[in-house]
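Secondary and tertiary structure notes
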Amino acid sequence: MLKNVLIANRGEIACRIIRTLKEMGIASTAVYHFADRGAPHVAAADHAIELTALVPTAAYLDTAQLLAAARTAGADAIHPGYGFLAENAVFAAAVEAAGLVFIGPQPEVIRLMGDKILAREFAVAQGLPVAPSCQQDGTLAEFVAQASAIGFPLLIKAAAGGGGKGMSIVRSAEELPARASTASSEALRYFADGRVYAERYIERPRHIEVQIFGDGQGHVVHLFERECSVQRRFQKIIEESPAPNLPVALRDRICAAAVQLAAAAGYRNAGTVEFILAPDGEFYFLEMNTRLQVEHPVTEFVTGLDLVELQLRLAGGEACTLQQRDIAQTGHAFECRICAEQPEHDFRPATGRVAILEPPQGPGVRFDGGLRVGLPVTAAFDSMLAKLITHAPTRAESAARMRAALAELVLLGVDHNVDYLGRIFAHPEFLAGRLHTGFVVEQAEQLVAEPLTPAVRAAVLLAAVLGTDEFSRLAYECPEPHASIGHWRN
Amino acid sequence: MLKNVLIANRGEIACRIIRTLKEMGIASTAVYHFADRGAPHVAAADHAIELTALVPTAAYLDTAQLLAAARTAGADAIHPGYGFLAENAVFAAAVEAAGLVFIGPQPEVIRLMGDKILAREFAVAQGLPVAPSCQQDGTLAEFVAQASAIGFPLLIKAAAGGGGKGMSIVRSAEELPARASTASSEALRYFADGRVYAERYIERPRHIEVQIFGDGQGHVVHLFERECSVQRRFQKIIEESPAPNLPVALRDRICAAAVQLAAAAGYRNAGTVEFILAPDGEFYFLEMNTRLQVEHPVTEFVTGLDLVELQLRLAGGEACTLQQRDIAQTGHAFECRICAEQPEHDFRPATGRVAILEPPQGPGVRFDGGLRVGLPVTAAFDSMLAKLITHAPTRAESAARMRAALAELVLLGVDHNVDYLGRIFAHPEFLAGRLHTGFVVEQAEQLVAEPLTPAVRAAVLLAAVLGTDEFSRLAYECPEPHASIGHWRN
Amino acid sequence: MPTLLTLDGTTSEVDIIGRRPQLNLRVDDLHCRVEELPSGGASPCDITINGQRHRVWRAREGDRIHVHLDGRSYSVGYQEAVRAAAQSGHASNEIRAEMPGMVVELRAALGDDVAAGDPLLVIESMKMQITVTAPRAGVIESIHVEPNTSFQKGTLLVLLRAVVE
Amino acid sequence: MPTLLTLDGTTSEVDIIGRRPQLNLRVDDLHCRVEELPSGGASPCDITINGQRHRVWRAREGDRIHVHLDGRSYSVGYQEAVRAAAQSGHASNEIRAEMPGMVVELRAALGDDVAAGDPLLVIESMKMQITVTAPRAGVIESIHVEPNTSFQKGTLLVLLRAVVE
């Protein structure tokens, strides 16, 4: 059993991990940059240690300071959350070298899966289907020739990358050289590795991923699939489980492939194997994420399991007794990522300060946030503020629950995508489960807010102006007898 | 499908019902007394109609005004919630006579189950076990003689009553006459019916109840059992499902008895059959509650079903397609009733005003409240403010989750039982699942708060006093150079 | 002059000893080195006392300060409250209603000798029956309510006369 | 004098027509009879306009009022904001950074003719790439940043010169 876990992260995932630590009676140690000193994860943890860095994000990436903080707090393990150092093999190795438990897979497995090309070769060796592809191993010109041979459309991306950075779709041989060159320079800038990689681009593909959990000794179970096809700017915004309209036999083949890959790698702890599913039912290995996923709550809802608890028990030395036959997929769960952004302006990130926050409540509703009233939302960190998750017996009921919960959520002080998400949950194609990763772009016009009726516009404007001292004084503190207007202001 | 439902209730249950109405796209109409004009259920509903009454509770009991409000709002059904008119057969009949749907059982079934003596006879006729008992049908003196013949200890209660009113345990023949007389006068005062009733008192009994759902045509399913043995002043404060340490065969017999009873009554909608379980494994029919129960969320968590949705679908004319084989009991759920009271002063009700409210969040946690900051908590209504419900794969994990959630819940402005509930969830007997209805009284000494250590006492006092303008001015606005103390106040 | 605060029926003194380099306070005999982490003004805030960090929410309501600290709730009586309590200590012959309700039953009669904790009457409030007990020993001087009548908060219920010792 | 408010890029006038027996306001051409249910001061509150009840939360932040009404969020610009916008309308030659970030790429060069919506430069902010476009037609007068350099909120990025018509 672990005694004290340092969370090398911030925001909602740090709060999420601290919750399970509290339930398990394990002490929690938060770290924070000065800019985050008032953040909920700092207050929620038993201990909190400030890390210094000029740029806030750099604090959460500073291995030396993190290890020093773990020593100071007496932590015996480090949970990296997702993002930051979660998939950094060098960090994982440094944690273990310092005599601490790294709550995640073995460093060499992180390294293997972190390199798209090596990971792909490993998947091929395990018999997993992969899309036709080629990688740059010589000059850019040679790469362009090889890639053209695969045929178009092609997807070009950084060999070392993730998260949609430096990714582009090339539809003809003419545009390939320029796009390859751009991708390479972006790859160099983001990942300090200019190598690029091309693969057959699947039209209207679905993004299906499988949550797995391994004990590091070759025992691996899956916790079923998630569909994450609703994306904007190559980033997921809605995830669900089960994947809609996915035949059980196909679902089972995809899950089995994921288990096969993870078992071959001797995978330890929680991980996710991502696949592209083509309209013809063929699926291809995409990549493996060697960490807890943002969207893990949908799996928690449908399986009833606490993934962070599973992670902590295994890391604490307990044997993994979880058997495949014990894991069932019950009901339907959705997750929405609540982001500080302006969907009507190409999802441009927004900043502000949380002025009012009323999370939705009730049966089958979960809100994972790292927010509090007064918290500044700055450009220093990722724009994801919180996650809203719903669960109900059927997809239709879960979607209705999400629609109601999105309407119930009040978050004022920064522009966000809550209303936009609500429009997706009212879209007939979405409700029919006809999803693909281009859904948001394809349906962009249907997802624009209806123009306000004059009555609603007037209501909004009056609500706004009556909330100001200046106007309410004009409206209520008039020269007429006080008694006649007293009831307006209570 | 219903179009508009009037909720003849207030507080958390009104908010709970409105949530499901919103999910189903059914309009909601709230009613309220002036004292409740700022209450969340008024704001949450699509329509809200004020009812007038000198005493606030009387507004929610006024059939004529409720029916008029339903007409005004264009409601086609009335949901009574629990309490108030939920088990009033005259009201149910009046609703139906007005051409509206009463969301609950048939009036004659409410009448049957509402009379303890008739209900007991009906249960006996269906072959359900009942505890030896006698009812007053002549003078009080004759009743005393009959009751003595059963043997002691005896439980005496009002024939027409419920909720622990006028209930007492009599351990010897000597004290019986006086206690019977008191019970009769209390029965007269509370229920306008002075008849009393005595039954064999089971020592260390457990309160086990079964959630059932019927279609009114004889098709009845059960949604498994709940254990509600942790009670104070004869009122439940903690409920759970499954009942701990209850052999499956016995659980199945109890559930089958409940279904048998409800099917025989042609029961319609949601109901609960309550049993007393003796330490020897014998169980006895106690009563049937012909309404949604306060503790329905524990059943929702373990079955994944939304009971209010089931109620509304049936009331809207949909066939009940729920089959017993489709209903599974997964994981373990607890509910705590958060009450405005002082556990250290015999659970005396407390009043105040909600100053700070931070509901707990995270996986497997549900908070059903009807609270908002600024809401007065008065003696006008029941002292239950909210319910906290947790769910996890095992009882131990669910209890740990509840303990963490109780600690995470911040509710300031009125005294409450949250810390007391936390002590129950740390009690070894409770955690071992060795429960009986006298648990709270028997363990009273173990459930008293530990005296504060001087350090914690000092921390509380300093936290309090540093939050006052007066003291913080003394502490921070000193004659020393401002710069040296500037960082204290940001 | 120390500030007086009550908690769990006991009164404590809080005094300022020093303000730099850190705020130093005294709570009765306990010396406390205090650091308060800025929280943007509102609850929650972090207060570190003698190196131990506490997460605190607080809300003041007249002379009571409600505090949530490290997962538990407390209600602290502040200065004015202490003074009022000291005054009412002299006047505790008067047993007044703490909340509105109805008298269910009288349990003591005029002239009865009662000990501290003895039941005086049973009232009903918020749907619950509550037994009002004697705050200290005395003789029932007068009874100001009758069964089945209702009363408001603050109503004088029973007047005690001190036992002459 | 009517109060000016902006929403979704359009400005509306709100004026008080009468105060009794009910508050009567005008929003552009729409006559509105307003009742506000007391809510104890804070959000949420209930506002009834021409018989239609709305549940409202609102928070003011300088010249913006954030409103949540009937399950949707809005951001309303208030008087002062309108004036500022009117002024900046004259000065919209200046393209300034709306948030801190880094320049990824310039998409326009000195002297280029640009139409409204044409890309001027790509910046990165909050881990996302954003294309800054021309607010109206013009000629690039000057460019004040270079690729791979960072800038603060409010930094002048590009200066346009109006096209002489």
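Residues numbered from 1 in each chain as written. Chains lettered and ligands numbered in written order. Predicted model: local features only at pLDDT ≥ 70, side-chain atom pairs only at ≥ 80, totals over all residues. Heavy atoms only, no water.

Time to look at the overall build of chain A. Within chain A, the secondary structure is distributed over 19 helices and 23 strands. Counting only C-alpha atoms and orienting by the principal axes, one finds that chain A spans roughly 85 × 55 × 45 Å. A burial count over chain A gives 62% of its 490 residues as buried. Restricting the contact set of chain A to residue pairs at least 6 apart, pairs at least 24 apart contribute 65%. Carbon together with sulfur atoms contributes 55% to the accessible area of chain A, which is approximately 17200 Å² in total. (Helix = DSSP H or I, 4+ residues; strand = E, 2+ residues; numbered from the N terminus. Buried < 20%, exposed > 50% of the residue type's maximum accessible area, 1.4 Å probe, protein only. Contact = heavy atoms within 4.5 Å. Areas by Shrake-Rupley, 256 points an atom, 1.4 Å probe, with all protein chains shown as cover.)

In this structure the tally under the stated criterion is 82 salt bridges over all chains. Here B:Asp115 makes a salt bridge to B:Arg195, at a shortest N to O gap of 3.5 Å. Highlighted residues: B:Asp115 in the loop between helix H6 (107-114) and helix H7 (116-125) and B:Arg195 in the loop between helix H9 (176-191) and strand S9 (196-200), separated in sequence by 80 residues. By relative accessible area, which is 30% here, B:Arg195 ends up partly exposed. The network of salt bridges with common partners includes A:Arg16, A:Glu23, A:Glu300, A:Asp306, A:Arg366, A:Asp368 and B:Arg401. (Salt bridge = Lys/Arg side-chain N within 4 Å of Asp/Glu carboxyl O.)

Turning our eyes to something else, we now look at the domain arrangement of chain C. Domain annotation for chain C reports domain 1 (3-82) and domain 2 (91-161). A separation of 35 Å is found between the C-alpha centroids of domain 1 of chain C and domain 2 of chain C. (Domains from an automatic or database assignment.)

Before going further, it helps to examine the interface of chain A and chain D. Contacts between the two partners involve 62 residues from chain A and, on the opposite side, 58 residues from chain D. Summing both sides of the interface, chain A and chain D together bury roughly 5200 Å²; the carbon and sulfur share of this comes to 64%. Put simply, chain A and chain D have two salt bridges between them. Of the charged contacts in the structure, one is a salt bridge between D:Glu124 and A:Arg189, with a shortest N-O distance of 4.0 Å. The interface formed by chain A and chain D contains seven residue pairs in polar contact (both at pLDDT 80 or more). Sort the elements by how many residues they give to the side of chain A that touches chain D and helix H17 (residues 454-466) of chain A lands first, with 13 residues. Considering only residue class, the side of chain A that touches chain D consists of 36 nonpolar, ten polar and 16 charged. (Buried area = accessible area lost by both parts, 1.4 Å probe. Polar contact = N/O pair within 3.5 Å; in protein donor to acceptor, adjacent residues only side chain to side chain. Nonpolar A, V, L, I, M, F, W, Y, C, P; charged D, E, K, R; others polar.)

The next thing to look at is the domain arrangement of chain A. The parts lose accessible area when they come together, and the size of an interface is often stated as this lost area. The assigned domain composition of chain A is domain 1 (4-103), domain 2 (132-200) and domain 3 (206-447). A C-alpha centroid distance of 35 Å is found between domain 1 of chain A and domain 2 of chain A.

With that out of the way, let us pick up the environment of A:Asn4. Residues and elements named next belong to chain A. Among the secondary structure elements, Asn 4 is positioned in strand S1 (residues 4-7). Judged by relative accessible area, which is 6%, Asn 4 ranks as buried. Taking C-alpha positions, Asn 4 is 20 Å from Cys 320, a pair spaced 316 residues apart along the chain. Residues contacting Asn 4, with those up to four places away along its chain left out, are Ile 26, Ala 27, Ser 28, Thr 29, His 47, Ala 73, Gly 74, Ala 75, Asp 76 and Ala 77. A polar atom in the side chain of Asn 4 sits 2.8 Å from the side chain of Thr 29.

Take the pairing of strand S14 (residues 283-289) of chain A next. All names here are of chain A. Among the seven residues in S14, six count as buried, and that is most of the element. Taken together, the six bridges between strand S13 (residues 268-277) and S14 define a ladder with antiparallel strand orientation. Its bridge partner lying in S14, Glu 274 is registered against Glu 287. Between the antiparallel neighbours S13 and S14 lie five residues, among them Gly 281 with a positive phi of about 90 degrees. (Pairing = 2+ DSSP bridges.)

Looking now at the sheet that holds strand S10 (residues 101-106) of chain D. Read from one edge to the other, the open sheet built from four strands follows the order S13-S12-S10-S15 (chain D), with strand pairing classed as antiparallel. Only two strands of the sheet have a single partner each, and these edge strands are strand S13 (128-133) and strand S15 (150-151) of chain D. Sheet topology note: the strand S12 (residues 119-125) of chain D/S13(D) ladder contains six bridges and is antiparallel. By the bridge assignment, D:Ile123 is partnered in S13(D) with D:Ile130. Of the strands in this sheet, S10, S12 and S13 of chain D are in contact with helix H9 (residues 176-191) of chain A, which crosses S13(D) at around 125 degrees. (Axes fitted to C-alpha atoms, helices over the stretch in contact; angles between N-to-C directions.)

All names here are of chain B. Among the residues of helix H5 (residues 89-97), Ala 89, Phe 91, Ala 92 and Val 95 are the ones counted as buried. Buried residues along H5 cover an arc of 160 degrees about the axis, so they all sit on one side. Projecting away from the buried face of H5 at angles above 90 degrees are the exposed residues Val 90 and Ala 97. Contacts from the buried residues of H5 go to helix H4 (63-73), strand S4 (77-79), strand S5 (101-102) and H6. (Arc of directions from axis to C-beta.)

Once that is clear, we can look at the environment of C:Gly154. Residues and elements named next belong to chain C. Take Gly 154: it is sitting in the loop between strand S15 (150-151) and strand S16 (156-161). Separated by 56 residues in sequence, Gly 154 and Glu 98 place their C-alpha atoms 6.0 Å apart. With residues near it in sequence (within four places) discarded, Gly 154 still touches Arg 96 and Ala 97.

Inspection of the entire model under this criterion finds 20 aromatic pairs over all chains. Relative to B:Phe381, the ring of B:Tyr60 has its centre 6.0 Å away and its plane inclined at 75 degrees; by these criteria the two rings are edge-to-face. Of this pair, B:Tyr60 sits in the loop between helix H3 (56-59) and H4 while B:Phe381 sits in the loop between strand S21 (376-377) and strand S22 (384-392), and the two are 321 residues apart along the sequence. Ring centres of B:Phe91 and B:Phe102 lie 6.2 Å apart, and the angle between their planes is 80 degrees; on these two criteria the pair is classed as edge-to-face. Pair noted here: B:Phe91 is in helix H5 and B:Phe102 is in strand S5, with a separation of eleven residues, a long-range link. Taken individually, B:Phe91 and B:Phe102 each receive the classification buried, so the pair is uniform in this respect. Members of the aromatic cluster, connected to one another through ring pairs, are A:Phe334, A:Phe425, A:Phe430 and A:Phe439. Here the basic side chain of A:Arg37 rests over the ring of A:Phe34, its NZ or CZ set 3.9 Å away from the ring centre. When the ring centre of B:Phe430 is taken as origin, the NZ or CZ atom of B:Arg395, which lies over that ring, is 5.1 Å away. (Phe/Tyr/Trp six-rings, centres within 6.5 Å; stacked < 30°, edge-to-face > 60°. Lys NZ or Arg CZ within 6 Å of the ring centre and 35° of its normal.)

To continue, consider the confidence of the model for chain A. In low-pLDDT segments, the atomic positions of the prediction should not be examined closely. Of the residues in chain A, 96% have a pLDDT of 70 or more, and the chain-wide mean is 92. Here residues 478-490 of chain A scores under 50 on pLDDT; set against residues more than four positions off or in separate chains, the count is 23 contacts. (pLDDT = per-residue confidence, 0-100.)

Each side of the interface is counted separately: chain B has ten residues, and chain D has seven residues. Note on chain B versus chain D: buried area summed over both sides is about 630 Å², and carbon and sulfur give 46% of it. Of all residues in chain B, B:Arg37, B:Ala43 and B:Arg372 give up the largest surface area on contact with chain D, accounting jointly for 61% of the area buried on that side. Counting across the interface, chain B meets chain D through zero salt bridges. Linking chain B with chain D are two residue pairs in polar contact (both at pLDDT 80 or more), by the criterion used here. Those elements giving two or more residues to the side of chain B that touches chain D turn out to be helix H2 (40-44) and strand S3 (47-50) of chain B.

All names here are of chain B. One can describe the packing of H4 onto H5 by two numbers: an axis separation of 11 Å at closest approach and a directional angle of 30 degrees. Viewed along their axes, H4 and H5 adopt a mutual orientation that is roughly parallel. H5 is crossed by H4, and the crossing has right-handed handedness. Packed against H4, whose contacting residues are Thr 63, Leu 66 and Leu 67, the element H5 presents Phe 91, Ala 94 and Val 95 at the interface. Split into classes, the residues belonging to the contact of H4 with H5 amount to five nonpolar, one polar and no charged. (Parallel < 35°, antiparallel > 145°, perpendicular 65-115°, else oblique. Left-handed = near helix turned anticlockwise from the far one by under 90°.)

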